[in-house]
Amino acid sequence: MPPHRHAQQLAVDLEERLARLTFPVSPTSVAELRATVSQYTDELRSRGVSPEGVIVAVKQIAQGAGYAAPKPSAQSAECRNERDKLLTDLVSWCIDGYYRAAIDGAVSKSRSAT
């Protein structure tokens, strides 16, 4: 499958997974969703997309699945609902995955150099 088609398929998978979620989200569903976000992040990173670009792409997918960005007045932990928390988690997973891949790559290079 061409690289751009793989990214498109991962985006479709992520959007469908988000659209099917029911709350409260089970730990299994969270793990599956995080794995999908990680795969999508890895794919975009490998194509040279910036961390910000990955976050924007994931937020757009979430919006397509019916998730709206939290209102500024709902930014405190007490005010956020589960959907808002999930959006925050999606962004955190993108950041973690993006930089984890960068660190793993740097470690692999340093090991092979020794």
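Residues numbered from 1 in each chain as written. Predicted model: local features only at pLDDT ≥ 70, side-chain atom pairs only at ≥ 80, totals over all residues. Heavy atoms only, no water.

Draft legend 1. Quick look at the overall build of the chain. Each helix and strand in the chain was counted, giving four helices and zero strands. Mapped in sequence order, the helices and strands of the chain form the string α-α-α-α. Looking at the chain residue by residue over its 114 residues, the buried ones come to 29%. Once local pairs closer than 6 in sequence are excluded, the contacts in the chain between residues at least 24 apart make up 69%. As displayed, the chain has an accessible area near 7,200 Å², and 54% of this comes from carbon and sulfur atoms. (Helix = DSSP H or I, 4+ residues; strand = E, 2+ residues; numbered from the N terminus. Buried < 20%, exposed > 50% of the residue type's maximum accessible area, 1.4 Å probe, protein only. Contact = heavy atoms within 4.5 Å. Areas by Shrake-Rupley, 256 points an atom, 1.4 Å probe, with all protein chains shown as cover.)

Draft legend 2. The side chain of Thr36, seen in detail. Locating Thr36 in the fold gives a position in helix 2 (residues 27-46). A relative accessible area of 5% means that Thr36 is categorised as buried. Leave out the neighbours within four places in its chain, and Thr36 touches Leu10, Asp13, Leu14 and Arg17.

Draft legend 3. Molecular detail of the environment of Ile55. For Ile55, the location among the structural elements is in helix 3 (residues 51-64). Once the C-alpha coordinates of Ile55 and Val91 are considered, the two residues, 36 residues apart in sequence, prove to be 6.0 Å apart. Ignoring anything within four residues of it in the chain, the contact list for Ile55 reads Val91, Cys94 and Ile95.

Draft legend 4. Just the nonpolar core, in detail. Leu14, Leu18, Leu33, Tyr40, Tyr67 and Leu90 are the most contacted members of the largest nonpolar core, which has 25 residues in total. Sorting the residues of this core by element identifies helix 1 (3-20), helix 2, helix 3 and helix 4 (82-113) as the ones contributing at least two each. Those residues within four positions of Leu14 in sequence are excluded, and the remaining contacts are Leu33, Thr36, Val37, Tyr40, Val58 and Ile61. (Core = buried A, V, L, I, M, F, W, Y, C linked by side-chain atoms within 4.5 Å.)

Draft legend 5. Representation of a nonpolar patch on the surface. A cluster of nonpolar side chains, Ile95, Tyr99 and Ile103, forms an exposed patch at the surface whose accessible area comes to about 290 Å². Residue placement: Tyr99 occurs in helix 4. (Patch = residues over 30% accessible without salt bridge, like charges linked within 9 Å, V, L, I, M, F, W, Y side chains within 5 Å. Salt bridge = Lys/Arg side-chain N within 4 Å of Asp/Glu carboxyl O.)

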